[in-house]
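Chain by chain, the residues run as shown.
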Amino acid sequence: MNKNGAGGRNIIIDCDPGIDDALAIFMALASSRLNVLGITTVAGNVNISHVTRNALSLVSLTGKQVPVCRGASGPFLVPRKEGGHVHGENGVGDVTLPIPSFSEDSRPAAEFIRETAAANSGNLDLVAIGPLTNVAAALVMYPSVKRDVRRIIMMGGAAGFGNVTPAAEFNIYADPHAAAAVFQSGIPIDMYGLDVTNRALITEDEIASLRATGKTIPLLCCDMLRTYADFYHSVGFSGLALHDPFALACAIDESLVEFRECHVAVETQGTLTRGKTVADLHGVTGKPVNARVALELNRDGFISLMTELLCSYD
Ligand SMILES: [Ca+2]
């Protein structure tokens, strides 16, 4: 039991919905093993107004209500980078979402993180599935956050190759200085990077099975995934890489992956490699472990868990 009397792991989802963020939000709110205390939004896939409105609409669709707090409208030091070519102009595959049934919380994201972490000290995990600007802002402004947050579960980075550049993954590249601050924070990090999420693929047959349920939320997910499919097919993938849903699934069941504990640093300067997560998998630097980097995954187990959660809505 947690302090709110509900079962499950207390989390805040920091996100930039985002098609794959949308699926992750639906999954989180359906899981009895997670207790979503709030959602904070950050500019990333699309601008802060779109991601915040999308988050409100997505939560409304579930029939639940959690605080949705607006966060950073751009990164600390670098120009803003959007992922609209992957996620559509409105961030959710240009699917029209319903008008939200409730309003955004008046607390800024970083303040909400501070307050919620203090109220659940040692019993709160941040699930960060967008650029890390809000998380870094909370750490910089409120030192108590380092003490109160138990773990950061992150979709971001790669021990291997990047996607937005040959070296860097989108969430880290979008705000490398924020990511560097998070990796230097001392809070234990579970890093679900492209090493696993590029293999967390859903096939067209599996999408067809979701659609065949005829249920509202699975159908909406399939509609959003159409835009996502256009991108992944254009870059030669055999399926659609479900980055954020995979990290969220691992917040529920970490046995879906195998980790390597190591030190991870973020390149903030390199002209070719800015935003790369440099994972010292072989311990050559002698620097202390600050992350568990997921390197292997149970794809079938992930798809099964995701399908179960998405189809649990009426
Ligand atoms: Ca995201």
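Scoring rules and cut-offs
Residues numbered from 1 in each chain as written. Predicted model: local features only at pLDDT ≥ 70, side-chain atom pairs only at ≥ 80, totals over all residues. Heavy atoms only, no water. Pairing = 2+ DSSP bridges. Helix = DSSP H or I, 4+ residues; strand = E, 2+ residues; numbered from the N terminus. Axes fitted to C-alpha atoms, helices over the stretch in contact; angles between N-to-C directions. Contact = heavy atoms within 4.5 Å. Donors = N, O, S within 2.8 Å, 3.2 Å for Na, K, Ca; no water. Buried < 20%, exposed > 50% of the residue type's maximum accessible area, 1.4 Å probe, protein only. 1 Å grid on protein atoms, 1.4 Å probe; cavity = no way out; pocket = protein on both sides within 12 Å on 5 of 7 lines; lining within 4 Å. Points joined across faces, edges and corners; volume = space filled by probe spheres on them. Expected span 1.5 Å × (residues − 1). Phe/Tyr/Trp six-rings, centres within 6.5 Å; stacked < 30°, edge-to-face > 60°. Core = buried A, V, L, I, M, F, W, Y, C linked by side-chain atoms within 4.5 Å. Nonpolar A, V, L, I, M, F, W, Y, C, P; charged D, E, K, R; others polar.

A. Representation of the sheet that holds strand β6 (residues 189-192) in the model. A sheet is described by the order of its strands in space; here eight strands give the open sequence β3-β2-β1-β4-β5-β6-β12-β9, paired in mixed fashion. In this open sheet, the two edge strands, each paired with only one partner strand, are β3 (68-70) and β9 (257-262). Strand after strand, the sheet turns through a mean of 25° between neighbouring axes, direction not considered. In this structure, β9 lies alongside strand β12 (residues 291-297), joined through six bridges in antiparallel fashion. Bridge pairing links C262 to A291 in β12. Strands in contact with helix α1 (residues 19-30) are β1 (9-15) and β2 (34-41); relative to β2, the strand with the most contacts, it is inclined by about 150°.

B. Representation of the coordination of the calcium ion within the structure. For the calcium ion, every protein donor is listed as D16 (OD), D21 (OD), D21 (OD), I129 (O) and D244 (OD), and the spread of their distances is 2.2 to 2.6 Å. Written as a sequence motif, the donor residues of the calcium ion are D-x4-D-x107-I-x114-D. Residue I129 is located in the loop between β4 (125-128) and α5 (133-141), and its partner D244 is located in helix α12 (residues 243-252); the two are separated by 115 residues in the primary sequence. The two residues I129 and D244 agree in class, both being buried.

C. Here's a closer look at the layout of surface pockets. Space inside the largest pocket adds up to approximately 380 Å³. Around the largest pocket, the lining comprises 23 residues; the ones closest to its centre are V86, N163, F170, Y232 and H243. Listing elements by their share of the lining of the largest pocket, those giving two or more residues are α1, α3 (84-87), α7 (170-174), α11 (216-234) and α12.

D. Focus on α1. Over its twelve residues, α1 extends 17 Å from the first C-alpha to the last, a length consistent with the 16 Å expected when each residue adds 1.5 Å. Summarising burial for α1: eleven of the twelve residues are buried, a large majority. Every buried residue belonging to α1 is among I19, D20, D21, A22, L23, A24, I25, F26, M27, A28 and L29, and all of these are buried.

E. Quick peek at the packing of aromatic side chains. In this structure the tally under the stated criterion is seven aromatic pairs. Measuring from ring centre to ring centre gives 6.3 Å for F26 and Y313, while their planes differ by 70°; the resulting arrangement is edge-to-face. Taken together, the positions of F26 in helix α1 and Y313 in the segment after α13 (299-310) put the pair 287 residues apart, joining distant regions of the chain. For F26, a relative accessible area of 0% gives the class buried. Look at Y313 and you get buried, because its relative accessible area is 9%. Ring geometry for Y192 and F246: centres 6.3 Å apart, planes at 80°, overall edge-to-face. With a gap of 54 residues between them, Y192 in strand β6 and F246 in helix α12 connect regions that are remote in the sequence. We note that Y192, like F246, is buried. Following the ring pairs from residue to residue traces out a cluster consisting of Y192, F246, F259 and F302.

F. Quick look at the pairing of β12. Burial analysis of β12 places six of its seven residues in the buried class, the great majority of the element. Looking at chain direction, β6 and β12 are connected through three bridges and run parallel. Bridging across to β12, I189 finds its partner in A291.

G. Summary view of the nonpolar core. Residues I39 and F302 are the most contacted members of the largest nonpolar core, which totals 70 residues. Contact partners of F302, with chain neighbours within four places excluded, come to M27, A200, L242, P245, F246, A249 and L256.

H. Geometry of empty space enclosed by the protein. Under the counting rule described, the total for this entry stands at one cavity of 30 Å³ or more. Taken as a whole, the largest cavity encloses approximately 40 Å³ of empty space. V42, A43, G44, G74, P75, R80, K81, P131, T133 and A174 are the residues that line the largest cavity. Residues that form the lining of the largest cavity fall into these classes: five nonpolar, three polar and two charged.

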